[in-house]
Amino acid sequence: MTDPNIRKFTFGKPFPTGAVIRDVPETAHLPYLTVSEDGSLSMSLAPETILYGLGPTVRGLNKRGWLYESANRDDSQHTEEKHALYGSHNFLIVDGPARFALFLDTPGWVVWDLGYTDSDRISITADDGFTLYLWEAETLPELVRGLRVLTGAPYVPPLWAFGFNQSRWGYRDENDLREVIRRYRELDMPLDMVSLDLDYMEGCRDFTVSRERFPDFADFNRELAGEGIHMVPIVDAALKADEAWPVYRECLEKGFFCRKEDGSPFFVGVWPGKCVLPDFADPEAAAWFGRQYRALTDAGVRGFWNDMNEPAIFYSEDCLREVFEKIRTFQDRDLDLDSFFEMRNLFGSLSHRDAYLRDYFHTVGGERIRGDKLRNIYGTRMTEAAAKALKEQLPDERVLLFSRSSYIGLHRSAGIWYGDNRSWWSHLKWNVAQAAAAGMSGFLYSGADIGGFGGDATGDLALRWLAFGIFSPLFRNHSIRGSRPQEFWRFGREEAFRGVLKLRYALLPFIYSEFVKAALSGGMYFLPLSFVFSDARSRRVEDQLMIGEGVMTAPVCEQNADGRFVYLPEPMRLFRMRSPKDFDTELLPAGDHFLSCTLNEVLVFLRKGYCLPLAETDGVRNSRDVDFSRLSALKYDEAPVSYTLYDDGGVRSELSLEKYGRTLVF
Ligand code: MIG
């Protein structure tokens, strides 16, 4: 494969995001797009053109017909009318008579009108200067590979990070965690990780652990590690403004915070109460923040999730004061419709205002840059700082790191999760599109909260979601405090949950190998059908995905359905799997099929010439127990097939992953 011919076009003075790692010569002329005087880019679309990309944002796989914003935002209501979520992945594929991809590199606001105002036109407008990269290729995977050539290879976490992660906002102490782990163990349901949410900290202060709830954290970590369980604590972006806390004092003394125009700290409210936002755009401040992770790595922690780094702001100190002043004027008034809602809105509109980003400044190389100019790389800088520091602290180990906010470039250092989805069937279906879109931009290690974060899950939703989730590299059940408990043993049907969870562990060698192959080749782990097959129908399928080139999954995303329609672009062998060993199978011709799928089943499809290797899962408690050297395989027919398997060679870091590949014949 030859590298695509990438063209580069600069408009204005873009702030360097660090996303691009390759030198590309500047061109004066751009194909396809018209550049207007204000830098807006536009082109007309043929009726059949499909648009892909933009990462795991709102709506489906084909991005045509909606207006999207690159504006990293903490918005927990992921409804269809939204325009932006936590990450900005300015990568777009245009797949029509013209087939090309572009990456618009700018850390500021971008509006993507993708056939929203006029269904046959694209118009892209950035607030600030940008660098545009554009390239063509024959195939969709080749277009994705172009982005990898430009921005580098994805992060590969250690093997244990591909195990199952049980999380919940609300596990308060050692005993809560012990109980969760005990139940999984008792029911013979494998588990690799438990996430720690805000509850583990001392008053939501990053890098602290509550003494009361975790009397000896290092000791507890050792106890769990002995059982093959990793604790994965959360780290929030903002730091509590508490003079008695050394981390905050140091942040103040060194001036490592975002500032108001007058140079004083920009105080905001987040979980801990009054906080400062560390200035991650200042390399020294970022490095200092990274060093703080040592408090937890010293206690044995090897995995983290970085949250609230859009940055999330509940209120700014100044705006809160104004609101309180204003609210008094409503007291004792006869409130009519307008004034009542105006009053109600005063508090309601305080959170996550875009305007806050214009109220604070970063300091970069002595220069002041307003918050909104760098909004989309704030969380990326935080997480890159963590990744760098973790490498220094643990030079011989690969660690687990994933973030909520992201920008392309971060895919080299960490994974992402898709934030606060809900226990809705529509969000299960949306997860399918998100998984493929995240992989396009390079975030191979990513996933949604399985079962849904907000709201109350039901057993059938949890099972159906699990049936898709077992293929997701980041494989985590997470839910909000106060919601219906959502661990996989909360809903009865234990045999069904166990069978599907075990299937994940049987698939671990396959999942890990396909992941590594995608990472090494500049490819994707999950692929839309159109990335593998060239027929017209495949281009419109949004609820079935390929895993690598040979395997397809088609989750049931509808309540009370006893099966679903599945489209097969070519003959495939269906495995209806209830556990690694309990399944039935049939050969299906190309075309449309209604396939039954009971709640305890997972539909797995195999192409001719491919196989699905499976590990033994009897007695498997976690990824440590999975034996990569004793595999069987599901096959399309009797003909021998070879499979390239990757073992992770342990958690050692300076690994050239290529080294661990070997070919098996089944
Ligand atoms: O505003 O730490 O997306 O996973 O459980 C909520 C509490 C803050 C948002 C994260 C979610 C996490 C929650 N956090």
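Residues numbered from 1 in each chain as written. Predicted model: local features only at pLDDT ≥ 70, side-chain atom pairs only at ≥ 80, totals over all residues. Heavy atoms only, no water.

1. Quick word on the sheet that holds strand E28 (residues 526–528)
And then number 1: Reading across from one edge, E28-E29-E30-E35-E32-E33 is the order of the 6 strands in this open sheet, with antiparallel pairing throughout. Pairing within the sheet leaves two strands with one partner each, and these edge strands are E28 and strand E33 (583–588). When strand polarity is set aside, the average angle formed by the axes of neighbouring strands in this sheet is 30°.
And then number 2: The pairing of strand E32 (residues 572–577) with strand E35 (residues 602–607) spans 6 bridges and is antiparallel. In the sheet register, Arg573 faces E35, and the bridge partner there is Leu606.
And then number 3: Packed on one face of the sheet, helix H10 (residues 425–440) meets E28 and strand E29 (545–547) and runs near 105° to E28. (Pairing = 2+ DSSP bridges. Helix = DSSP H or I, 4+ residues; strand = E, 2+ residues; numbered from the N terminus. Axes fitted to C-alpha atoms, helices over the stretch in contact; angles between N-to-C directions. Contact = heavy atoms within 4.5 Å.)

2. Quick notes on the environment of Pro283
And then number 1: Secondary-structure assignment places Pro283 in helix H5 (residues 283–291).
And then number 2: Classification of Pro283 as exposed rests on a relative accessible area of 58%. (Buried < 20%, exposed > 50% of the residue type's maximum accessible area, 1.4 Å probe, protein only.)

3. Let's talk about the nonpolar core
And then number 1: Counting 207 residues, the largest nonpolar core has Phe103, Trp135 and Phe605 as its most contacted members.
And then number 2: A total of 16 residues in this core trace back to one element, the largest contributor, which is helix H12 (residues 494–521).
And then number 3: Not counting residues within four places of it along the chain, the set of residues in contact with Phe605 comprises Gly550, Val551, Met552, Ala554, Val566, Leu568, Met572, Arg573, Leu574, Leu588 and Leu595.
And then number 4: Core analysis: the next-biggest nonpolar cluster, separate from the first, contains 29 residues, Leu51, Leu54, Leu132 and Leu134 among them. (Core = buried A, V, L, I, M, F, W, Y, C linked by side-chain atoms within 4.5 Å.)

4. Let's talk about the site of the ligand
And then number 1: Near the ligand lie 13 residues; those nearest to it are Asp197, Asp307, Arg404, Asp420 and His478.
And then number 2: Measuring from a nitrogen atom of the ligand, one finds a side-chain N or O atom of Asp307 at 2.8 Å.
And then number 3: In isolation the ligand has 360 Å² of accessible area, and contact with the protein removes 95% of it.
And then number 4: Per-class residue counts for the shell around the ligand are 8 nonpolar, 1 polar and 4 charged. (Near = heavy atom within 4 Å. Polar contact = N/O pair within 3.5 Å; in protein donor to acceptor, adjacent residues only side chain to side chain. Areas by Shrake-Rupley, 256 points an atom, 1.4 Å probe, with all protein chains shown as cover. Nonpolar A, V, L, I, M, F, W, Y, C, P; charged D, E, K, R; others polar.)

5. Concerning the side chain of Ser483
And then number 1: Along the chain, Ser483 turns up in the loop between strand E27 (476–477) and H12.
And then number 2: On the accessibility criterion, Ser483 (7% relative accessible area) is buried.
And then number 3: For Ser483, the contacting residues outside a window of four places in its chain are Arg168, Phe453, Gly455 and Asp456.

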